[in-house]
Structures are given as C-alpha cells and as structure tokens.
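One-letter residues, chain by chain:
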Amino acid sequence: MNLRHLLAGAAALGLSSAAFAQPAPPPLIGWLRTNAAERPPGESMRLALARHGLREGRDYRLTLKNTGGDNARFPGLAREFVQERAALVIAFGSVAVRAMQVETKDIPIVGTGDLVGFGFARSTARPGGNVTGVNIAAPELDPKKLEVLRELLPSIGSAAYIY
C-alpha cells in the first residue's frame, strides 16, 4: 500500500485534516479597566457565570487587562483584545469604552457609566451599535428606583436621592 492509497482510504472514511484539528478554544471575554480594584480580579464575573452553569476554560476564557492607573495604555490594551478576537469586552469607565469603540465596531462592548451622555449609545433601552451596558445613576431609572424602594419599605413617607 502506498501513500496515495492511504490518503484515498482516509478520504473515503471522511477523515480529513480538519478531523484531526484541535477544537476551537472557548470564547474570550475581555475585562478592561484602569486598575485591578477587585480582589481577585474577575472573581465576581466567574461566580456569576458559574451560577449559570458556565465553567472557565471549558465554556469561556476570561482575560483581565488593566492600565495600572495609566489611561494612555487603554488604546493598546483595546487593540490587543481585537487581535485576540475577543467575543465580548467588559469596559469599565468612559475611557475604556472609548478605546474599545475606536478599535472595533464588531466586538460587543459592555460598558459602565453614562453611555448615552458620552455618546456611546443612543439610549439605555435601545443603545444601537456595539456598545451597551449599565448606568445605575441614569435619570430614566429614577422612577423605577423609587418603585422598588416603596416595595421594600412601604411605610416610608418620603425619600431623597443625592447625586
């Protein structure tokens, strides 16, 4: 039997180089912030994903990048996430969101802060583009906050919100 026969047999069995290829790595979730304030960094994300049955290494990879307080490093770190083909990037703060938004229009970015006010999203309800996120100080959430407060403390007479 020569090599030609061996290859023809492998092809007939449906075996190709793709059948022997390594499986694709799980999707990369990027975590971009100015510092590593959380100890250990990313632990809250890992716990939240685990509650949904997702395990790091098997279902996702989490890569944490921080600037160490030097905001000038954001563009380079954002570029790294694009090169690494992150499936999603969580960007903490407007500078991190802007750096990611400049680098990609394809990778979903979950940001924090006033995404509408900084022009990253059209609205909280319908952000458009690839940036979405949360802003607990968003004025449009004030009625809902009061509603929840009244449910938690029905006997409260008045409340004040200081921003």
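Summary of the structure given here. Going along each chain's sequence as written, the residues are numbered from 1 onward. Selection of residues for local features in this predicted model requires a pLDDT of at least 70, selection of side-chain atom pairs for listing and counting requires 80 or more, and totals for whole chains, interfaces and linings are taken over all residues. Values reported for side chains reflect all heavy atoms of the structure, with hydrogen atoms and water molecules removed beforehand.

## Side note on the overall build of the chain
Here is step 1: The helix and strand tally for the chain stands at 5 helices and 5 strands.
Here is step 2: Of the regular secondary structure in the chain, the N- to C-terminal order runs α-β-α-β-α-β-α-β-β-α.
Here is step 3: Contact between two residues is taken to exist if any of their heavy atoms lie within 4.5 Å; hydrogens are not considered. Sequence separation of 24 or more characterises 43% of the internal contacts of the chain that already satisfy a separation of 6 or more. Working definition: helices are DSSP H or I runs of at least four residues, strands are E runs of at least two. Numbering for both runs from the N terminus.

## Focus on the nonpolar core
Here is step 1: Definition used in this section: a nonpolar core is a set of buried Ala, Val, Leu, Ile, Met, Phe, Trp, Tyr and Cys residues joined via side-chain atoms within 4.5 Å. Per-residue accessibility, obtained with a 1.4 Å probe over protein chains only, is compared with the maximum for each type, and a residue is labelled buried under 20%, exposed over 50%, and partly exposed between these values. Counting 19 residues, the largest nonpolar core has L32, F81, V89, V97, M100, L115 and V131 as the members making the most contacts within it.
Here is step 2: Counting only elements with at least two residues in this core, the list comes to strand 1 (28-33), helix 3 (74-83), strand 3 (88-91) and helix 4 (94-103).
Here is step 3: Every residue in contact with V131, bar those within four places of it in the chain, is listed here: V97, Q101, I109, L115, F120 and A121.
Here is step 4: Ranked by size, the runner-up nonpolar core spans 7 residues in total, among them I29, W31, M45 and I90.

## Description of the sheet that holds strand 3
Here is step 1: Two strands pair if DSSP finds at least two bridges between them. Read across the sheet, 5 strands follow the order 2-1-3-4-5 without closing on themselves; strand pairing throughout is parallel. Across the chains shown, the open sheet's two edge strands, defined by having one partner strand only, are strand 2 (61-66) and strand 5 (131-134). Averaged over all neighbouring strand pairs, the angle between strand axes comes to 20 degrees, with direction disregarded.
Here is step 2: Of the strand pairs in this sheet, strand 1 and strand 2 are connected by 6 bridges, and their pairing is parallel. Note on strand 2: the bridge partner recorded for G30 is T63.
Here is step 3: In the packing of helix 3 onto the sheet, contacts are made with strand 1, strand 2 and strand 3, and the angle to strand 1 comes to roughly 175 degrees.
Here is step 4: For every element, the axis is a line fit to its C-alpha atoms; helices are fit only across the contacting stretch, and the angle between N-to-C directions ranges from 0 to 180 degrees. Each of strand 1, strand 3, strand 4 (109-112) and strand 5 is contacted by helix 4, which is oriented at about 160 degrees to strand 4, the strand it contacts most.

## As for the packing of aromatic side chains
Here is step 1: Whether two aromatic rings pair depends on their centres lying within 6.5 Å, for rings of Phe, Tyr and Trp, where Trp uses its six-membered ring; planes under 30 degrees apart make the pair stacked, over 60 edge-to-face, and the rest tilted. All chains considered together, the criterion is met by 2 aromatic pairs.
Here is step 2: Ring centres of W31 and F92 lie 5.0 Å apart, and the angle between their planes is 50 degrees; on these two criteria the pair is classed as tilted. With W31 in strand 1 and F92 in the loop between strand 3 and helix 4, this residue pair connects regions lying 61 residues apart in the sequence.
Here is step 3: Each ring, one from F118 and one from F120, has its centre 6.0 Å from the other, and the planes form 25 degrees; the classification is stacked.

## As for unusual backbone geometry
Here is step 1: At R85, a residue that is not glycine, the phi angle is positive and equals roughly 60 degrees.
Here is step 2: Mapped onto the secondary structure, R85 falls in the loop between helix 3 and strand 3.
Here is step 3: Taking relative accessible area as the criterion, R85 reaches 72% and is therefore assigned exposed.

## A word on the side chain of T67
Here is step 1: You can see T67 is positioned in the loop between strand 2 and helix 3.
Here is step 2: Take T67: its relative accessible area is 2%, and that puts it in the buried class.
Here is step 3: If we skip the residues at most four places from it in the chain, T67 touches R33, T34, R73, F74 and L77.

## Quick look at the pattern of salt bridges
In a structure, side chains of opposite charge can pair up when their charged atoms sit close to one another.
Here is step 1: By salt bridge we mean one thing: a side-chain nitrogen of Lys or Arg within 4 Å of a carboxyl oxygen of Asp or Glu. Going through the model one piece at a time under the given rule, you end up with 5 salt bridges.
Here is step 2: Among the ionic pairs, R46 bridges to E56, the shortest N-O distance being 2.5 Å. Here E56 lies in the loop between helix 2 (43-51) and strand 2 and R46 lies in helix 2, a separation of 10 residues in the sequence.
Here is step 3: Note on E56: relative accessible area 33%, which makes it partly exposed.
Here is step 4: A salt bridge links E103 to R79, with the shortest nitrogen-to-oxygen separation between them at 3.4 Å. Residue E103 is found in helix 4, and its partner R79 is found in helix 3; the two are separated by 24 residues along the sequence.

These values are about where atoms sit, not about what they do.
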